[in-house]
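# Report on the structure
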Amino acid sequence: MKQYSPQTVALSLISHTNVGKTTLARTLLRRDIGEVRDEAHVTSTAEKHCLIESTAGDRLELWDTPGFGDSVRLAKRLAQANSPIGWFMGEVWDRLRNRAFWSSQRAIRNILEQADVVLYLVNAAQSPEDSGYLDSELQVLQLLGKPVIVLLNQLGPPQEPSHAKAELQRWRDLLRPNNCVHEVLALDAFARCWVQENTLLHAVEPLLKPDGRAAYAGLCAAWDARNQAIWRNAMAVLADRLVRAAQDREVVSESGWSGRLKNLGASLGLRGEGSEIAREQAMRLLAERLDADIRNSTDRLIQLHGLGGHATDLVLNRLAEQYAVQ
């Protein structure tokens with residue numbers, strides 16, 4: 001019986017410099033990788049990361065690449081790639097004299113040597129007509145001969161479905177003349193969801209060579225299984241929290257006439273400064289336990305989804321805006 005040889009499917013994430021490749025890569029990988037700064041050419045070398053691995057050992061890899069810089073010059077250099085001068089300029093001269101341009105050439109080499117499919121990220125906050133680099137970068141991608149999926153990033157606040165659909169269609173119409181572009185999808189690093197990720201994975205499948213599609217189907221199944229496991233665990237965390245809150249009790253100790261008079265005086269505003277009636281004390285203790293439980297379970301949800309940093313405070317503040325406490 002012939003032993004199965006695991007396969008690798010590679011996606012190269014590329015864009016103009018400082019458009020958000022590494023941020024999107026972190027979102028898809030659900031962990032911090034690379035360095036994120038608001039400046040050009042932060043990523044200087046291509047970095048490989050595993051998105052998912054199947055039980056058969058197949059791997060779906062994501063390459064975070066250096067950003068495009070002078071793409072007009074890149075197109076000219078690409079035409080010289082087989083000449084000694086072109087090799088020297090790319091490997092030696094540009095590395096010493098023009099680091100940013102040399103990094104862009106690293107992205108080109110990564111696509112040529114590694115990519116099965118190219119994910120080309122664009123800044124959707126800019127009008128397509130105002131993106132001066134777009135035509136020349138698409139020309140470079142056309143010369144490379146690899147299938148391209150365009151991802152619209154930096155979409156901003158959620159829009160009405162009809163408006164979002166019209167904007168997506170506008171980009172598709174604009175990019176249709178480029179034969180290398182097979183699909184245009186919305187995939188914002190901060191506003192994407194699992195549905196959009198699955199749409200991206202399914203868009204990749206028909207662009208792969210036939211002998212790699214069986215392995216890729218297993219990778220997609222592994223991706224779905226992982227997401228479903230996260231979802232089930234998250235629902236369990238929420239359900240446990242609701243059950244604990246519903247079952248929590250605090251005994252009100254005061255009773256009899258003195259307790260009733262205290263309650264009546266408190267409702268009329270007749271009580272000493274800083275005093276707390278038994279019912280208020282019980283409610284405060286319940287609220288404190290609920291607050292601690294919400295924080296702990298929110299931490300757990302954030303860990304399940306691969307987030308970190310100050311996400312807990314951000315989530316709790318967002319929740320607080322939607323609730324009134326009486």
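Structure's up top.
Below you will find a few notes about this structure. (Residues numbered from 1 in each chain as written. Predicted model: local features only at pLDDT ≥ 70, side-chain atom pairs only at ≥ 80, totals over all residues. Heavy atoms only, no water.)

### Quick word on the overall build of the protein
Counting its regular elements, the protein contains 11 helices and six strands. Within the protein, the fraction of its 326 residues that count as buried is 39%. Expressed as a percentage of contacts within the protein between residues at least 6 apart in sequence, the contacts between residues at least 24 apart total 70%. Surface summary for the protein: the accessible area is close to 19,200 Å², and the carbon and sulfur share equals 54%. (Helix = DSSP H or I, 4+ residues; strand = E, 2+ residues; numbered from the N terminus. Buried < 20%, exposed > 50% of the residue type's maximum accessible area, 1.4 Å probe, protein only. Contact = heavy atoms within 4.5 Å. Areas by Shrake-Rupley, 256 points an atom, 1.4 Å probe, with all protein chains shown as cover.)

### Quick look at the packing of aromatic side chains
The final tally for this structure, using the stated rule, is zero aromatic pairs. Arg226 extends its terminal NZ or CZ atom over the ring of Trp223, reaching a point 4.6 Å from the ring centre. (Phe/Tyr/Trp six-rings, centres within 6.5 Å; stacked < 30°, edge-to-face > 60°. Lys NZ or Arg CZ within 6 Å of the ring centre and 35° of its normal.)

### Here's the deal with the pattern of salt bridges
Any two side chains of opposite charge can pair, given that their charged atoms come close. Enumeration according to the criterion identifies 13 salt bridges in this entry. Across the pair Arg284 and Glu288 runs a salt bridge whose closest N-O atoms are separated by 3.2 Å. Here Glu288 and Arg284 lie together in helix H10 (residues 278-304), a separation of four residues that amounts to about one turn. Arg295 is the partner of Asp291 in a salt bridge, and the nearest nitrogen-oxygen pair spans 3.4 Å. In this pair, Asp291 and Arg295 are both assigned in helix H10, four residues apart and thus about one turn of the helix distant. One salt-bridge network, in which partners are shared between bridges, spans Lys48, Glu53, Arg59 and Glu61. (Salt bridge = Lys/Arg side-chain N within 4 Å of Asp/Glu carboxyl O.)

### Details of the side chain of Glu137
Along the chain, Glu137 falls in helix H5 (residues 134-144). Polar contacts involving the side chain of Glu137 include one to the side chain of Tyr120, which spans 2.5 Å. In this view, Glu137 contacts Ser15, His16, Phe68, Ser71 and Tyr120; residues no more than four positions away in its chain are not counted. (Polar contact = N/O pair within 3.5 Å; in protein donor to acceptor, adjacent residues only side chain to side chain.)

### Concerning empty space enclosed by the protein
To find leftover empty space, a probe the size of one water molecule is rolled over the atoms. Here the structure, examined in full by the defined rule, presents one cavity of 30 Å³ or more. By volume, the largest cavity amounts to about 60 Å³. In this structure, the largest cavity is lined by Leu11, Leu28, Leu51, Leu62, Leu119, Glu197, Leu200, Leu201 and Trp223. Residue composition of the lining of the largest cavity, grouped by class: eight nonpolar, no polar and one charged. (1 Å grid on protein atoms, 1.4 Å probe; cavity = no way out; pocket = protein on both sides within 12 Å on 5 of 7 lines; lining within 4 Å. Points joined across faces, edges and corners; volume = space filled by probe spheres on them. Nonpolar A, V, L, I, M, F, W, Y, C, P; charged D, E, K, R; others polar.)

### Brief notes about the packing of helix H8 (residues 210-247) against H10
H10 packs onto H8 with a crossing angle of 175° between their chain directions and a minimal axis gap of 10 Å. In this view, H8 runs roughly antiparallel relative to H10, as classed from their interaxial angle. Touching Ile230, Asn233, Ala234, Val237, Leu238, Arg241, Arg244 and Ala245 of H8 are Leu290, Asp293, Ile294, Ser297, Thr298, Arg300, Leu301 and Leu304, all from H10. For the contact of H8 with H10, the residue count by class is nine nonpolar, three polar and four charged. (Axes fitted to C-alpha atoms, helices over the stretch in contact; angles between N-to-C directions. Parallel < 35°, antiparallel > 145°, perpendicular 65-115°, else oblique.)

### Brief notes about the nonpolar core
Generally speaking, soluble globular proteins have nonpolar side chains that are buried together. Among the nonpolar cores identified, the biggest contains 59 residues, and Tyr120, Leu141, Ile149 and Leu151 are the most heavily contacted of them. Residue contributions to this core peak at six residues, all from strand S4 (residues 117-123). If we ignore the near neighbours within four places in the chain, the residues touching Ile149 are Val117, Val118, Leu119, Tyr120, Glu183, Leu185, Leu200, Ala203, Val204 and Leu207. Core analysis: the next-biggest nonpolar cluster, separate from the first, contains five residues, Ile230, Val237, Leu301 and Leu304 among them. (Core = buried A, V, L, I, M, F, W, Y, C linked by side-chain atoms within 4.5 Å.)

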